[in-house]
Amino acid sequence: MSCNIMVVEDEIFVATEIEYVVEELGYRPVGIAADTASAIKLGPLADIALVDLNLRDGATGRDIGRLLAERHGMTVLFMTANPSQVGDAFPGAVGVLPKPVAEEELKAAVRYTVALREAREATAPPRLRVFA
């Protein structure tokens, strides 16, 4: 099964690097959302969202993640330099990966998230704080 993955990130260089890694792993990047409106627009196209907290329209990442999980049944992985601001888990949320993230760590986190989405056994990378 191939996963469609959305990147919710307002720093374009970071976002394009994440998309490159997603594609390199064999998954399909469906686009970059830098704010709530663009995330909602891309929502129906994705299975997984990689979500930063602070975006073009403010600290909206947590709300975007929750909305995507509730409205589209999406699996959400938060990636942020402010992991303590993510708060508690909600259905569909995998966990939070602190930034900055090395490429191999990002690959491991994406593989882990895809495995959970597909209900396969997987081991989380060491720095990924998995929600219970």
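Because the structure is a prediction, the values reported are computed rather than measured.

> Explain helix α3 (residues 61-72) here, please?
In an α-helix, one turn spans 3.6 residues, which is why side chains three or four residues apart end up on the same side. Across its 12 residues, α3 extends 16 Å between first and last C-alpha, which sits within 8% of the 16 Å expected from 1.5 Å per residue. Burial in α3 covers these residues: Gly61, Arg62, Ile64, Gly65, Leu68 and Ala69. For α3, the angular spread of the buried residues around the axis is 165°, confining them to a single face. Facing away from the buried side of α3 by over 90 degrees, the exposed positions are Asp63, Glu70 and Arg71. On its buried face, α3 is in contact with β1 (4-8), α2 (36-42), β3 (48-51) and β4 (75-80). Trailing α3 by a residue or two, Gly73 shows a phi angle of about 65°, which is positive.

> Would you explain helix α1 (residues 12-24) in this entry?
Across its 13 residues, α1 extends 18 Å between first and last C-alpha, which sits within 8% of the 18 Å expected from 1.5 Å per residue. Listing the buried residues of α1 in full gives Ala15, Ile18, Glu19, Val21 and Val22. Looking straight down α1, one finds its buried side chains confined to an arc of 160°; they lie on one side. Across from the buried face of α1, at angles greater than 90 degrees, the exposed residues are Phe13 and Glu23.

> Help me understand the side chain of Asp52 in this model?
Examined against the element boundaries, Asp52 turns out to sit in the loop between β3 and α3. Only 3.3 Å separates the side chain of Asp52 from the side chain of Lys99, close enough to count as a polar contact. When sequence neighbours within four positions are dropped, the list of residues in contact with Asp52 reads Val8, Glu9, Asp10, Gly61, Met79, Thr80 and Lys99.

> Would you mind showing me how to read the sheet that holds strand β6 (residues 129-130) here?
As a general point, the strands of a sheet are linked pairwise by backbone hydrogen bonds and lie either parallel or antiparallel. Taken in spatial order, the 6 strands line up as β2-β1-β3-β4-β5-β6 in an open sheet, and their pairing is mixed. At either end of the open sheet lies a strand with only one pairing partner, and these are β2 (28-33) and β6. When β3 meets β4, the two strands line up parallel, connected through 4 bridges. Across the sheet, Ile48 pairs through a bridge with Thr75, a residue of β4. Each of β1, β3 and β4 is contacted by α3, which is oriented at about 170° to β4, the strand it contacts most.

> Explanation requested: the environment of Met79 in the structure shown.
Assignment of secondary structure puts Met79 in strand β4. What makes Met79 buried here is its relative accessible area of 3%. C-alpha separation for the pair Met79 and Leu42, spaced 37 residues apart in sequence, amounts to 18 Å. Those residues within four positions of Met79 in sequence are excluded, and the remaining contacts are Ile18, Leu50, Val51, Asp52, Leu53, Leu97, Lys99, Val101 and Leu106.

What counts and what doesn't
Residues numbered from 1 in each chain as written. Predicted model: local features only at pLDDT ≥ 70, side-chain atom pairs only at ≥ 80, totals over all residues. Heavy atoms only, no water. Helix = DSSP H or I, 4+ residues; strand = E, 2+ residues; numbered from the N terminus. Expected span 1.5 Å × (residues − 1). Buried < 20%, exposed > 50% of the residue type's maximum accessible area, 1.4 Å probe, protein only. Arc of directions from axis to C-beta. Contact = heavy atoms within 4.5 Å. Polar contact = N/O pair within 3.5 Å; in protein donor to acceptor, adjacent residues only side chain to side chain. Pairing = 2+ DSSP bridges. Axes fitted to C-alpha atoms, helices over the stretch in contact; angles between N-to-C directions.

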